[in-house]
Amino acid sequence: MSAVAVAKDIFRQRGIGIDQLPPAKDKLLPLNEEAETQRVTQVSNNFGHVSPGLVQNTTDLLFRELWLRPGLAPRDRSLVTVSSLIASGQVAQITYHLNRAMDNGLTQSQASEVLTHVAFYAGWPNAFSALPIVKEVFENRHK
């Protein structure tokens, strides 16, 4: 939310009006029903009894709305997500999202390059903390 004020100033300085921005509501990309059913089942079984509201918002807002916005291709959205997780040290979420990124077309070579690039912007400790998880994802995908 802090970025909104900065973006607003930059848009004003550059003469970018609200009419030039993409619509907040747009025709969504198609949903991968099989992958989403698998994700919903796993999350619901694991956490539905702990926080049903969070589980429902994850499904409705995150995966059936944000992830389907057409402004970024699924591969690019995955790339942003994996990079953000590594940069913020959220290693517990990397396995799922890196697998999803690779299912969305990110190659192992590109995923490896993400670690190298993020290390310079988010720090070596965050990149190195992600290394074992990324290594495990690579190894499991080759089985």
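Keep in mind that what you see is a predicted model, and the values were worked out from it rather than measured.

Enquirer: For this particular structure, what's the right way to read the side chain of Ser 78?
Expert: Take Ser 78: it is sitting in helix α4 (residues 74–87). When near neighbours in sequence (up to four residues on either side) are disregarded, Ser 78 contacts Trp 67, Arg 100, Ala 101 and Asn 104.

Enquirer: Looking at this structure, I do not really get the environment of Ile 10. What am I missing?
Expert: Within the element layout of this structure, Ile 10 appears in helix α1 (residues 2–13). Distance in space between the C-alpha atoms of Ile 10 and Ser 44 is 41 Å, their sequence separation being 34 residues.

Enquirer: Is there a simple way to explain the nonpolar core in this structure?
Expert: Here is a general trend for soluble globular proteins: nonpolar side chains tend to be buried in one another's company. Membership of the largest hydrophobic core comes to 17 residues, with the highest contact counts inside it found for Ile 86, Ile 94, Leu 98, Ala 130, Val 134 and Phe 138. Counting only elements with at least two residues in this core, the list comes to α4, α5 (94–103), α6 (108–122) and α7 (124–141). In contact with Val 134, not counting residues within four places along its chain, are Ile 94, Leu 98 and Leu 115.

Enquirer: Before we go on, may I ask you to explain the packing of helix α2 (residues 33–47) against helix α3 (residues 52–63) in this structure?
Expert: Any two packed helices are characterised by the angle at which their axes cross and by the distance between the axes. α3 packs onto α2 with a crossing angle of 155 degrees between their chain directions and a minimal axis gap of 9 Å. Taken together, α2 and α3 sit at an angle that is classed as roughly antiparallel. Judged by the sense of rotation from one axis to the other, the crossing of α2 with α3 is right-handed. Contacts between α2 and α3 involve Glu 36, Arg 39, Val 40, Val 43, Ser 44 and Phe 47 from the former and Val 55, Thr 58, Thr 59 and Phe 63 from the latter. Considered class by class, the residues forming the contact of α2 with α3 number five nonpolar, three polar and two charged.

Enquirer: Explanation requested: the pattern of salt bridges in the structure shown.
Expert: Note on pairing: side chains with opposite charge can pair once their charged atoms come close. Evaluation of the coordinates by the stated rule reveals six salt bridges. Notably, a salt bridge pairs Arg 39 with Glu 36, separated by 2.7 Å at the nearest N-O pair. Separated by three residues within a single helix, Arg 39 and Glu 36 lie in helix α2, roughly one turn from each other. The exposure class assigned to Glu 36 is buried, which follows from its relative accessible area of 3%. Measuring nitrogen to oxygen at the nearest pair gives 3.0 Å for the salt bridge that ties Asp 103 to Arg 141. In this pair, Asp 103 is assigned in helix α5 and Arg 141 in helix α7, connecting sequence segments 38 residues apart. Its relative accessible area of 58% is what places Asp 103 among the exposed residues. On the accessibility criterion, Arg 141 (33% relative accessible area) is partly exposed.

Enquirer: Quick question: what am I supposed to make of the layout of surface pockets here?
Expert: The gaps left among the atoms become clear once a water-sized probe is rolled over them. Empty space within the largest pocket amounts to approximately 990 Å³. No other element matches the eight residues that α2 contributes to the lining of the largest pocket.

Enquirer: How should the packing of aromatic side chains be read in this particular structure?
Expert: What characterises a pair of aromatic rings is the spacing of the ring centres plus the angle enclosed by the ring planes. This structure, assessed with the given rule, holds three aromatic pairs. Pairing Phe 63 with Trp 67 gives two aromatic rings, centres 5.9 Å apart and planes at 10 degrees, and the pair type is stacked. Residue class for Phe 63 comes out buried when judged on its relative accessible area of 4%. Taking 5.0 Å as the distance between ring centres and 70 degrees as the angle between the ring planes, the aromatic pair formed by Phe 120 and Trp 124 counts as edge-to-face. Exposure remark for Trp 124: the relative accessible area of 47% places this residue in the partly exposed category. Aromatic ring contacts, followed pair by pair, group Phe 63, Trp 67 and Tyr 96 into a single cluster. Against the face of Trp 67 rests Arg 100, its NZ or CZ located 4.4 Å from the ring centre.

What counts, and at which threshold
- Residues numbered from 1 in each chain as written.
- Predicted model: local features only at pLDDT ≥ 70, side-chain atom pairs only at ≥ 80, totals over all residues.
- Heavy atoms only, no water.
- Helix = DSSP H or I, 4+ residues; strand = E, 2+ residues; numbered from the N terminus.
- Contact = heavy atoms within 4.5 Å.
- Core = buried A, V, L, I, M, F, W, Y, C linked by side-chain atoms within 4.5 Å.
- Buried < 20%, exposed > 50% of the residue type's maximum accessible area, 1.4 Å probe, protein only.
- Axes fitted to C-alpha atoms, helices over the stretch in contact; angles between N-to-C directions.
- Parallel < 35°, antiparallel > 145°, perpendicular 65-115°, else oblique.
- Left-handed = near helix turned anticlockwise from the far one by under 90°.
- Nonpolar A, V, L, I, M, F, W, Y, C, P; charged D, E, K, R; others polar.
- Salt bridge = Lys/Arg side-chain N within 4 Å of Asp/Glu carboxyl O.
- 1 Å grid on protein atoms, 1.4 Å probe; cavity = no way out; pocket = protein on both sides within 12 Å on 5 of 7 lines; lining within 4 Å.
- Points joined across faces, edges and corners; volume = space filled by probe spheres on them.
- Phe/Tyr/Trp six-rings, centres within 6.5 Å; stacked < 30°, edge-to-face > 60°.
- Lys NZ or Arg CZ within 6 Å of the ring centre and 35° of its normal.

Any functional reading would require information that these geometric values do not contain.
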